[in-house]
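Single-letter residue listing:
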Amino acid sequence: MYELKKLSRVYPKGRGKVAALSGVDLEIPDGEFITVQGLTGHGKTTFLLMLGALDKPTSGKIIFDGKDLGAMPESQLVDVRAQNFGFIFQNYNLLPTLTAEENVEAALVPLGIPTAERRARSVAALTEVGLGDRAGHFPSEMSGGEQQRVAIARALVKEPKVILADEPTGNLDEVTSLEIVALMEKLWKERGMTLVLVTHDTKVARRAPRTAVITKGKLTMRDNRAPNVVAQGAPRPKGSPKPA
Amino acid sequence: MQTEIQKALPSVTVTSASDEASNISGSLSTASNLANSLGLGLSIAVLLAAFVLAVLLTIASVTRRVREFGTLKAIGWHSRRIVGQVMGETLVQGIVGGAVGIGLGVAGAFLVTKISGPLTATVGATGLGSAAPAGFGGGGGFGGGGGGGFFGGASPGAFSSAPAGFARTFAASNHSVTLHMTAPLSLAVIGVAVGLAIVGAIIAGAIGGWRAARLQPAEALRRVE
Ligand SMILES: Nc1ncnc2c1ncn2[C@@H]1O[C@H](COP(=O)(O)OP(=O)(O)OP(=O)(O)O)[C@@H](O)[C@H]1O
Ligand SMILES: [Mg+2]
């Protein structure tokens with residue numbers, strides 16, 4: 001579970017500064033699915049990098065399972081990342097020189113799992129995303145949708161607590177996008193992981209109970225089950241009806 | 001007769017056939033010396049250029065892979081492990097590239113000597129004249145060729161396949177420089193070539209690895225998006 005307290009991230013820009021995130025207060029309970037929306041350059045990626053312990057706040061706090069990520073040294077953050085976070089990127093970010101199976105396996109390497117088990121788990125994860133027969137193929141031999149499936153397998157193979165996805169369907173056509181989102185939702189439901197999904201597509205965004213809307217670094221929560229209510233960082237109302 | 005002509009035309013220098021012969025062989029040996037030292041200098045220059053180029057190409061290819069390193073950090077790899085990976089790949093590619101380069105060089109030297117054999121007796125045989133190659137690369141390998149004077153500097157890229165089942169790369173980068181007409185080979189030359197390939201790979205790997213390690217993960221991921 002995440003607790004963000006007055007979290008800000010300021011980048012130097014020319015002579016001035018730009019607040020990519022400012023004063024974000026938010027709680028994300030374990031197992032929640034939230035989507036993130038906002039215009040280009042308003043801070044979505046920065047937000048995700050914070051949640052993934054890949055960047056540090058300039059002020060405020062980000063606490064994950066009781067650990068203050070901003071105060072931890074890189075040497076410990078590496079292990080937190082390896083154990084807890086699965087990342088999915090818009091550009092898939094597969095390693096071009098590795099096969100699908102090796103790409104998935106790369107996520108298990110830092111966990112010190114024996115080779116045979118790594119292989120077996122990687123093949124199982126690929127099977128789960130529907131690519132069991134493509135294990136030996138290189139990224140260049142696969143379509144965008146297939147590459148993103150490999151990336152999903154890589155994110156879930158270590159059974160992380162949290163999956164962080166930055167516009168995972170940004171480069172895909174509508175049909176493939178829906179398949180990918182449906183796959184992620186299915187995995188989220190089955191495994192009870194926390195899922196944070198950045199998307200430009202409002203239809204996709206509304207599939208989650210809550211959406212974080214980021215405008216010029218400020219975050220507001222939108223409750224998709226009560227579309228007219230906007231409350232900052234408020235917990236979702238219990239028992240409110242799902243939108244049609 | 002020589003004296004007669006000289007009497008009639010005092011200002012003209014007359015050379016006899018034997019003088020002529022000694023003159024020609026004299027200038028030939030001068031030319032040969034010149035070609036030797038010129039050849040040596042050129043060889044060293046080309047060799048250095050190829051070496052520096054190979055190191056730079058390797059560093060550039062490591063830099064191009066910055067986002068890969070960012071990805072690895074995002075999935076929980078230690079910088080240490082990433083640096084080790086980079087250095088390992090570079091070293092293996094250096095050795096493979098060096099071996100291919102030497103193979104090509106030796107073949108080239110053999111061919112040159114065979115084809116041009118009796119025609120070119122004198123020009124060029126310099127000792128180190130042709131040392132050679134450094135082959136290395138990360139992401140885009142670089143195989144320098146040499147060994148034979150004919151290939152003087154760098155020659156065709158090497159296909160390299162790297163460590164631990166990771167990284168398969170193909171390199172294509174070549175140019176050849178004609179320096180001499182004969183191609184001497186010695187163990188010393190090959191030794192120098194092997195040494196250079198390995199030293200170059202270590203230098204390039206260390207610089208590339210150091211760059212990869214210094215990167216902030218967020219920065220690495222945002223690069224080339
Ligand atoms: N390393 C950096 N240095 C300076 N400014 C940065 C840096 N990284 C991000 N920014 C700035 O921070 C702001 C937020 O960037 P961010 O990438 O989080 O936006 P985003 O919402 O993900 O945009 P997009 O939809 O285009 O992906 C932008 O104004 C951007 O220019
Ligand atoms: Mg972004």
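Below, the structure is looked at part by part. As the structure is a prediction and not an experimental result, all values here were calculated from the model.

### Notes on unusual backbone geometry
Residue and element names in this part refer to chain A. Phi is positive for Asp65, close to 50°, though the residue is something other than glycine. Within the secondary structure, Asp65 sits in the loop between strand 4 (59–64) and strand 5 (67–68). The phi torsion at Glu167 lies on the positive side, around 45°, for a residue other than glycine. Here Glu167 is to be found in the loop between strand 7 (162–166) and helix 6 (174–191).

### Quick word on the environment of Ser177(A)
All names here are of chain A. With respect to the element layout, Ser177 can be found in helix 6. In this structure Ser177 comes out as buried when scored by relative accessible area, which is 11%. Taking C-alpha positions, Ser177 is 9.2 Å from Val204, a pair spaced 27 residues apart along the chain. Excluding residues that lie within four positions of it along the chain, Ser177 makes contacts with Thr169 and Leu172.

### Focus: the layout of surface pockets
In this structure, the largest pocket occupies an estimated 560 Å³ of space. Residue lining of the largest pocket: 26 residues in total, with Gly41(A), Thr45(A), Thr46(A), Asp166(A) and Arg222(B) positioned closest to the centre. Elements that contribute at least two residues to the lining of the largest pocket include exactly strand 1 (2–13), strand 2 (16–28) and helix 1 (44–51) of chain A together with helix 6 (217–222) of chain B. The leading source of residues in the lining of the largest pocket is helix 1 of chain A, at five residues.

### Comments concerning the packing of aromatic side chains
All chains considered together, the criterion is met by five aromatic pairs over all chains. Here the aromatic rings of Tyr2(A) and Phe85(A) are separated by 6.3 Å at their centres, their planes lie at 15°, and the arrangement is stacked. Here the residue Tyr2(A) occupies a position in strand 1, and Phe85(A) occupies one in strand 6 (residues 85–88), the gap between them amounting to 83 residues. Each member of the pair, Tyr2(A) together with Phe85(A), is buried. Plain terms: the ring middles of Phe64(A) and Phe85(A) are 5.0 Å apart, the flat faces sit at 65° to each other, and that makes the pair edge-to-face. Of this pair, Phe64(A) sits in strand 4 while Phe85(A) sits in strand 6, and the two are 21 residues apart along the sequence. Taken as a pair, Phe64(A) and Phe85(A) share a single burial class, namely buried. One aromatic cluster is present, formed by Tyr2(A), Phe64(A) and Phe85(A) through successive ring pairs. A cation sits over an aromatic face here: Arg81(B) above Trp77(B), 5.9 Å from the ring centre. The ring centre of Trp210(B) lies 4.6 Å from the NZ or CZ of Arg214(B), which sits over that ring.

### Remarks on the pairing of strand 9 (residues 210–215) of chain A
Residues and elements named next belong to chain A. With four bridges joining them, strand 3 (residues 33–37) and strand 9 adopt parallel strand pairing. Paired with Gln37 across the bridge in strand 9 is Val213. The pairing of strand 9 with strand 10 (residues 218–223) spans six bridges and is antiparallel. Bridging across to strand 10, Thr215 finds its partner in Lys218. Between strand 9 and strand 10, which pair antiparallel in sequence order, lie two residues; one of them, Lys216, sits at a positive phi of approximately 45°.

Rules used throughout
- Residues numbered from 1 in each chain as written.
- Chains lettered and ligands numbered in written order.
- Predicted model: local features only at pLDDT ≥ 70, side-chain atom pairs only at ≥ 80, totals over all residues.
- Heavy atoms only, no water.
- Helix = DSSP H or I, 4+ residues; strand = E, 2+ residues; numbered from the N terminus.
- Buried < 20%, exposed > 50% of the residue type's maximum accessible area, 1.4 Å probe, protein only.
- Contact = heavy atoms within 4.5 Å.
- 1 Å grid on protein atoms, 1.4 Å probe; cavity = no way out; pocket = protein on both sides within 12 Å on 5 of 7 lines; lining within 4 Å.
- Points joined across faces, edges and corners; volume = space filled by probe spheres on them.
- Phe/Tyr/Trp six-rings, centres within 6.5 Å; stacked < 30°, edge-to-face > 60°.
- Lys NZ or Arg CZ within 6 Å of the ring centre and 35° of its normal.
- Pairing = 2+ DSSP bridges.

Remember, this is a structural readout, not a statement about activity or role.
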